[in-house]
Amino acid sequence: LPQKRRPSVIYMSYQECTGCLESLTRSFTPTLEYLMFNVMSLDYDDTLQAAAGFQAEAAREAAMKANWGKYLMIVDGAIPDGNNGYCTAAGKSALQSIQDVAKGAAAVVAVGTCASFGGLPMANPNPTRATMVSDIVTDKPVINVPGCPPIPVVITGTLAHFLTFGRLPDLDHLKRPIAFYGNTIHDRCYRRPFYDRGEFAKTFDDEGARNGWCLYELGCKGPTTYNACATTKWNAGTSFPIESGHGCIGCSEPNFWDRGDLYKPL
Ligand code: SF4
Ligand code: F3S
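Here we summarise the structure given alongside this text. Note that the structure is a prediction, hence the values are computed from the model and not measured.

Re the overall build of the protein chain
Looking only at helices and strands, one finds 12 helices and 7 strands in the protein chain. A globule of 266 residues ought to have a C-alpha radius of gyration of about 18 Å, and the protein chain, at 20 Å, matches this closely. C-alpha atoms of the protein chain, sized along the principal axes, occupy 60 × 50 × 30 Å. Expressed as a percentage of its 266 residues, the buried residues of the protein chain come to 50%. A sequence separation of at least 24 residues applies to 75% of the contacts in the protein chain between residues at least 6 apart. Element-wise, carbon and sulfur atoms account for 54% of the exposed surface of the protein chain, whose accessible area totals about 12800 Å².

Given below as structure tokens:
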């Protein structure tokens, strides 16, 4: 029987720390391996692919040609708009390569806060004039999957949705899938009863902290941060920052780093 070709996916990395891809490899349901062997054809990813150099570029170009207008593009990292030499690969600047690959894509998934909102590369003084994907790709649907890094199953869940149904999931005003970013951390936090009773830890080692009280006065940004950490958790549902005793720093929100209030109450 003829085999239906799995949808082509092209993963491009720019100004990033590879933490988003590290996170993606830890997804437990669906796993990245399941997606690669059953759901998608990962035709380019400079960290995971076996090919290198000319062969890698040839594989990307062949996949783009064969699937023009249909492939899914994934981007991690911000784009250095003000420095043409930075992030150059195969003789192409980051700006040129994202524009070239996006041209034939059906949609673009910006993985991580750097791709979604500029993230740490865009933090003051932003020496490379780092820019978010949606400011550069303006004629294709863009899905933002922010987080520093994003939760593994939130990345694979978003990819699985698009690859299975062939359409975008419902998005919020920042282009984030509502299924994962529809609630704040605070909405679902297990420490919420302490917040409601006004029981706050004042230092990281006081009695309130030892009793598991709310971390709001230690700077927790859970009330203004939309993400699924309090429900899906991390490491196959084991825990999340607040459960390990540290407030949320708002890593899935724009400008979380530059606000300068990581340890100050809102
Ligand atoms: Fe809200 Fe943070 Fe307190 Fe949890 S720890 S209840 S998210 S302020
Ligand atoms: Fe980030 Fe806050 Fe979750 S810091 S990992 S959004 S709990």
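Digging into the side chain of Ser 27
With respect to the helices, strands and loops of the structure, Ser 27 is situated in the loop between helix H1 (19-24) and helix H2 (32-39). Of the polar contacts made by the side chain of Ser 27, one reaches the backbone oxygen of Pro 30; its length is 2.5 Å. A polar side-chain atom of Ser 27 sits 2.8 Å from a polar atom in the side chain of Thr 156. Among all residues touching Ser 27, those that are not within four sequence positions of it are Leu 32, Pro 152, Val 153 and Thr 156.

Structural notes on the site of ligand 1
With respect to spatial proximity, the complete set of residues near ligand 1 consists of His 186, Cys 189, Arg 191, Arg 192, Tyr 195, Cys 214, Leu 215, Tyr 216, Cys 220, Gly 222, Pro 223 and Ile 242. Class assignment for the residues of the shell around ligand 1 results in 8 nonpolar, 2 polar and 2 charged.

Procedures and definitions
Residues numbered from 1 in each chain as written. Chains lettered and ligands numbered in written order. Predicted model: local features only at pLDDT ≥ 70, side-chain atom pairs only at ≥ 80, totals over all residues. Heavy atoms only, no water. Helix = DSSP H or I, 4+ residues; strand = E, 2+ residues; numbered from the N terminus. Rg over C-alpha atoms; globule rule 2.2 N^0.38 Å. Buried < 20%, exposed > 50% of the residue type's maximum accessible area, 1.4 Å probe, protein only. Contact = heavy atoms within 4.5 Å. Areas by Shrake-Rupley, 256 points an atom, 1.4 Å probe, with all protein chains shown as cover. Polar contact = N/O pair within 3.5 Å; in protein donor to acceptor, adjacent residues only side chain to side chain. Near = heavy atom within 4 Å. Nonpolar A, V, L, I, M, F, W, Y, C, P; charged D, E, K, R; others polar.

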